[in-house]
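Topology and contacts: notes
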Amino acid sequence: MGHKTQAITVFMLLCLMASVAFADVSVSGLSADAEKNVLLTLALKKESCTAPEWKIRGMFDDADQEIDQALRALGYYHAVAKKTLVFKDRCWQAAFNIESGPRVVIDEVSITITGDAAGDVEFKNLREALLLMRGSPLRHDRYEAMKTRMASLAMDLGYLQSVFTEKTLRVDKDRNTAQIILVFAAGKRMLFGDVVVNQQILEPAFVAKYLDIKRADIYTSAHIVNTYTALFNSGYFDSIDIRPDTQHIVNQRVPVTINLKPKSQYHYAFGAGYDTDIGPLGSATYINRRLNRYGHFLTGNFDLSPVLSTADAEYTVPLAHPVYDAFSFGGGLKYEDTDSYRSDTGKISARLKHLFGNGWKQTLFMDYSYEDFDLGTSSGHTMVLGPGASWLRAVSDNLLRPTRGYRMQFDVSGSYKNPLSEVSYLQGAVSAVWMQPSPWNDKPGNSRWGSGKWIARTELGATWVDPFPKLPTTYRYYAGGINSVRGYAYKELGPKDSFGTVVGGTFLSVFSIEYEHAILDDWGVAAFVDTGNAFKPNDIHLKTGVGLGARWYSPIGPVRVDIALPLDESDSSFQIHFAAGARL
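In this report, the structure presented in the accompanying data block is examined. (Residues numbered from 1 in each chain as written. Predicted model: local features only at pLDDT ≥ 70, side-chain atom pairs only at ≥ 80, totals over all residues. Heavy atoms only, no water.)

This brings us to the packing of helix α2 (residues 32–41) against helix α3 (residues 53–72). Viewed as axis vectors pointing N to C, α2 and α3 meet at an angle of 135 degrees, and their least axial separation amounts to 9 Å. What the angle tells us is that α2 and α3 run oblique. The chirality of how α2 crosses α3 is right-handed. For the pair α2 and α3, contact is made by A34, N37, V38 and T41 and by E66, I67, A70 and L71, respectively. When grouped by side-chain class, the residues that make up the contact of α2 with α3 number 5 nonpolar, 2 polar and 1 charged. (Axes fitted to C-alpha atoms, helices over the stretch in contact; angles between N-to-C directions. Helix = DSSP H or I, 4+ residues; strand = E, 2+ residues; numbered from the N terminus. Parallel < 35°, antiparallel > 145°, perpendicular 65-115°, else oblique. Left-handed = near helix turned anticlockwise from the far one by under 90°. Contact = heavy atoms within 4.5 Å. Nonpolar A, V, L, I, M, F, W, Y, C, P; charged D, E, K, R; others polar.)

To continue, consider the nonpolar core. Counting 26 residues, the largest nonpolar core has I111, F123, M146 and M150 as its most contacted members. Of all the elements in the fold, those that place two or more residues in this core are β4 (105–114), α4 (121–131), α5 (140–157) and β6 (177–185). Here the element with the most residues in this core is α5; it accounts for 6 residues. Within the second largest apolar cluster, 25 residues are counted, among which are L74, Y76, L85 and W92. (Core = buried A, V, L, I, M, F, W, Y, C linked by side-chain atoms within 4.5 Å. Buried < 20%, exposed > 50% of the residue type's maximum accessible area, 1.4 Å probe, protein only.)

Another point: the sheet that holds strand β1 (residues 24–28). On the basis of which strands lie adjacent, the open sheet formed by 3 strands has the order β1-β3-β2 and mixed pairing. One side of each edge strand has no neighbouring strand; the edge strands of this open sheet are β1 and β2 (80–87). Within this sheet the neighbouring strands show an average axis-to-axis angle of 10 degrees, counted without direction. Bridging between β2 and strand β3 (residues 92–99) involves 8 bridges; their strand directions are antiparallel. When the sheet's bridge partners are listed, T84 is paired in β3 with A95. Against the sheet, α3 engages β2 and β3, with an angle of about 160 degrees to β2. (Pairing = 2+ DSSP bridges.)

Bringing α4 into the picture now. Along α4, the residues classified as buried are F123, L126, L130 and L131. Mapping the buried residues of α4 onto a view down its axis gives an arc of 135 degrees, with all of them on the same face. Against the buried residues of α4 lie β4, α5 and β6. Of the residues flanking the start of α4, the one acting as N-cap is D120, its side-chain oxygen 2.9 Å from the backbone nitrogen of E122. (Arc of directions from axis to C-beta. Polar contact = N/O pair within 3.5 Å; in protein donor to acceptor, adjacent residues only side chain to side chain.)

Attention now moves to the sheet that holds strand β9 (residues 253–262). In spatial order, the strands read β7-β9-β8; together these 3 strands make up an open sheet with mixed pairing. Strands with a single pairing partner mark the edges of an open sheet, and in this sheet they are β7 (191–198) and β8 (237–244). Along the sheet, successive strands turn relative to each other by an average axial angle of 20 degrees, direction set aside. On the sheet, helix α7 (residues 221–234) packs against β7, β8 and β9 and is oriented at approximately 165 degrees with respect to β8.

Below, the discussion takes up the environment of G101. Within the secondary structure, G101 is located in the loop between β3 and β4. According to the relative accessible area criterion, G101 is partly exposed, its value standing at 36%. For the pair G101 and G75, spaced 26 residues apart in sequence, the C-alpha separation works out to 10.0 Å. Apart from the residues within four sequence positions on either side, G101 is in contact with Y76 and H78.

Next up on the list: the packing of aromatic side chains. One pass over the full model with this rule turns up 19 aromatic pairs. Ring geometry for Y228 and F232: centres 6.4 Å apart, planes at 10 degrees, overall stacked. Here F232 and Y228 lie together in helix α7, a separation of 4 residues that amounts to about one turn. The class of Y228 is partly exposed, set by a relative accessible area of 39%. (Phe/Tyr/Trp six-rings, centres within 6.5 Å; stacked < 30°, edge-to-face > 60°.)

Enumeration over the complete set of coordinates arrives at 1 disulfide. Residue pairing for C49: its cysteine sulfur links by disulfide to C91, the two sulfurs lying 1.9 Å apart. Looking along the S-S bond of the C49-C91 disulfide, the torsion reads about -80 degrees, which is the left-handed sense. Residue C49 is located in the loop between α2 and α3, and its partner C91 is located in the loop between β2 and β3; the two are separated by 42 residues in the primary sequence. The buried category is assigned to C49, whose relative accessible area is 19%. (Disulfide = S-S within 2.5 Å.)

Structural measurements only, silent on function.
Spelled out as structure tokens, the structure:
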């Protein structure tokens, strides 16, 4: 009975809300900004048709004061309103025709900064920017923003005891001019004092390498943010609490306490899914976050599918600057069985990783691999020992649902034939994804139809090899699939031998352009054209696919379903591609 009563009550409330009609309150004679501000201020705007007449008349009388308040905030001090109020059988109407009059203009801005900030470059730049308000229309919100910007900059740069000794806004209504006078006493610039870190899982000297807060350094909020980011990205801590003690400043020193709560030492994850390139997929991940008190950690991954299965483990050692540098070594196994070939690969590798200050990630590596492969009409096995490097940068405005950004990666690797390596080759590749909002998203009236974005993608690669038959399939180029040329099966495209078997190429070119448009909060549609192929220099034939797709913007990232048609010779008349995850 209780649930039924609640349901009836909710239903009645919904019916009551649906039956409430709001009166027509109109404002005319003003600019768009002024009209909007008046409507937001008018209490009448919030009243329904059923409000009692005495209440509406009282609020109508008070409307003059509300209009004056709303327009003064934008610099109009001489507004005159002509207003009418009409009661009809079912509702009432109020209309306001307003003449805003002349607008107050700022004719003088005086900003004085005293204390250590008087010679601070950033304060000088801010002062010069704020002085440019001279000659602009008065807006009280911008005057408040001036003061907020100065106070915020002071906090950011360590002037923690700063104060305005004068903050005056004088308005001469007869001359329609305003004068702003600000005197800002910044006081002394603070330094970091003692830094106490509370944690028990790692060596204090190791944790200190993540801190951008050093005793006697100039206090800035940027140092605090950098420290938080470094500790968060380290992967060791579940919660990070950084507390500057501004109540106990001694000799301009601000003591700081950092409380760190560790993540669990072990992490396990299991997953299942489906990918049209490789079929049903099962996965497992294991992480040991703390092999010792010096931050060494171990990761293991296992993926199982009919087409591609992998297992790998990696041991990582943070170096002297762990925020930027790490060394790792490990190994892995891979089994791949496509329509073009079958291969079994084992690999051991060592990697030196570095994060540059501009966001680029560099990986220098040495791989030693053994691959046994079968292309149907030919087979082989090859050992390869060779160095390589990759550089990666990804930028996006949203990790789960990006609308703007890019991803670029450069790769180079090679080997020279020797007793430990059976083939000589040199390979270079570049891949890029570029995403940009549609230019007509911001046009008036378009917001109700959702927003769109353009996605461009390319992948280019080239290989010199001697001899080609000894080159493992891992290092050969193939095309086709959801992340390559849609409309064609996974790794279906590439040079063929005399028996018609796809043997892979030494060059790769893939280009894609796609338009994606959101039609509901969590759904979208897409149209695309892909072209490209893997080839040899004397046999270049690009193949093209076109199609349409559906997008679901799930809580864990976008899910893509594409139906693509090949415009050139193919093993099938169409392909359905399915994948999940952001592309940046």
